[in-house]
Amino acid sequence: MESDTLLSPSAKSRILSILDNPSTSTETKKWRLRHRLGNDLWKDLLSRHFRYLRCFEIRIFYSPATKEEVIPTEKLSEEKPDTTTVSIVPTAPVQPVKVSWEEIERVPILAAGTNLLSDLALSPTLFIDYPIGKKWSIWGEYTFPWWLTPGNDRAWQILKWDIGPRYWFNSGREDEPMDVLLGHYLALDLAAGYYDIEPHHKGYQGEFQTAGLEYGYAWRIWDNWRLEAFVGVGWMGTHYRYYEANEGDVKLYYKHNGNFTWFGPTRLGINLKYVFHKKRRIVHYE
């Protein structure tokens, strides 16, 4: 520690005050170094000094006798001299590994955004995408337009929840953790919700479910920002109730109900999303 030129005088004084205390045990000194110096200084001491304190090497050389000795029968009971030689050669001191460089790696944890086409249709959405490894992610979407005119004569109210897995074909380079959620993908879409759609004094209320497949492509537009376009096809089923309202929409009169099933396009959109990340410190050694 005294010969370490990389330590500041204050840090060196704190370290030596702990090491030179004769009244404390080795374990106590170790605990004080770890908890009183701070995490960064402790890691620096581990990498440059402490890792070599337990490093040693033993070499054993074995040399057989150079000449066989024939022992007479009457001397078998005598002790045979041991001609094996064992020598322990001290090794050269291990040179410390020098820190070459450090870097901060960004690791994606979650992407969040919105469907721009849905927003233009006055149907705001909240979209999330959670990466799992390099090739998979779990996505979810919440659609929540809930508009009602002051006169109650028009309504555009939909609550819809989507969820499903995604498989990314060409996303995720090994040398770039942030290079995920990019390129072509296929997704499963499972959704459910309910609605109240009233163009003018007449409308439909009901519940619906959908199931289908989705294809999309995503690309990086700037740093953590992504843009993706997608289309989905599948099945949709709904149970609806048709109603008519009196003047002022004070009362709703339900006329009939029924079921409706649809096979075909079920989703279309352009998602704008931001990838959140955490930072991870990586130390490279020579």
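Each chain carries its own residue numbering, running from 1 in the written order of its sequence. Given that the model is predicted, a residue must reach a pLDDT of at least 70 before its local features are reported, and side-chain atom pairs must reach 80 or more before they are shown or counted; all residues, however, enter totals for whole chains, interfaces and linings. To get the side-chain values, all heavy atoms of the structure are used, and hydrogens and water are removed first.

Draft legend 1. Representation of the pattern of salt bridges. Salt bridges are counted wherever a side-chain nitrogen of Lys or Arg sits within 4 Å of a carboxyl oxygen of Asp or Glu. By the definition in use, this model includes 15 salt bridges. Arginine 166 is the partner of glutamate 228 in a salt bridge, and the nearest nitrogen-oxygen pair spans 2.9 Å. Of this pair, glutamate 228 sits in strand S10 (residues 225–245) while arginine 166 sits in strand S7 (residues 155–168), and the two are 62 residues apart along the sequence. Residue glutamate 228 shares its accessibility class with arginine 166, and that shared class is buried. Across the salt bridge formed by aspartate 179 and arginine 220, the nearest N and O atoms sit 3.6 Å from each other. Per the convention used, a helix needs a DSSP run of H or I reaching at least four residues, while a strand needs a run of E reaching at least two, with both numbered from the N terminus. Throughout, exposure labels follow a simple rule: accessible area from a 1.4 Å probe, protein chains only, divided by the maximum for the residue type, with under 20% read as buried, over 50% as exposed, and the rest as partly exposed.

Draft legend 2. Region of interest: the pairing of strand S9 (residues 202–222). As judged from the 15 bridges shared by strand S8 (residues 183–198) and S9, these two strands associate in the antiparallel manner. The residue of S9 that forms the bridge with aspartate 189 is glycine 212. Any two strands are treated as partners once DSSP identifies two or more bridges connecting them. What sits between S8 and S9 in their antiparallel hairpin is a turn of three residues, with histidine 201 showing a positive phi close to 65°. In terms of strand pairing, S9 meets S10 through 20 bridges, oriented antiparallel. Paired with glycine 212 across the two strands is glycine 234, which belongs to S10.

Draft legend 3. Spotlight on helix H1 (residues 9–19). For H1, the full list of buried residues reads Ala11, Lys12, Ile15, Leu16 and Ile18. One face of H1 carries all of its buried residues, which in axial projection span an arc of 160°. Buried residues along H1 sit against helix H2 (26–36) and helix H3 (39–48). Starting at the helix axis, one direction is taken to each C-beta atom, and the arc is that of these directions. Here, two residues are considered to be in contact whenever any of their heavy atoms come within 4.5 Å of each other.

Draft legend 4. Examining the pairing of S7 more closely. Bridging between strand S5 (residues 136–143) and S7 involves eight bridges; their strand directions are antiparallel. Bridge assignment links glutamate 141 to a residue of S7, and that residue is aspartate 162. Note: strand S6 (residues 146–148) against S7, three bridges, orientation antiparallel. Following the sheet pairing, tryptophan 147 is matched in S7 by tryptophan 156. Once S6 ends, the chain turns through six residues before running back antiparallel as S7, passing asparagine 152 with a positive phi of about 60°.

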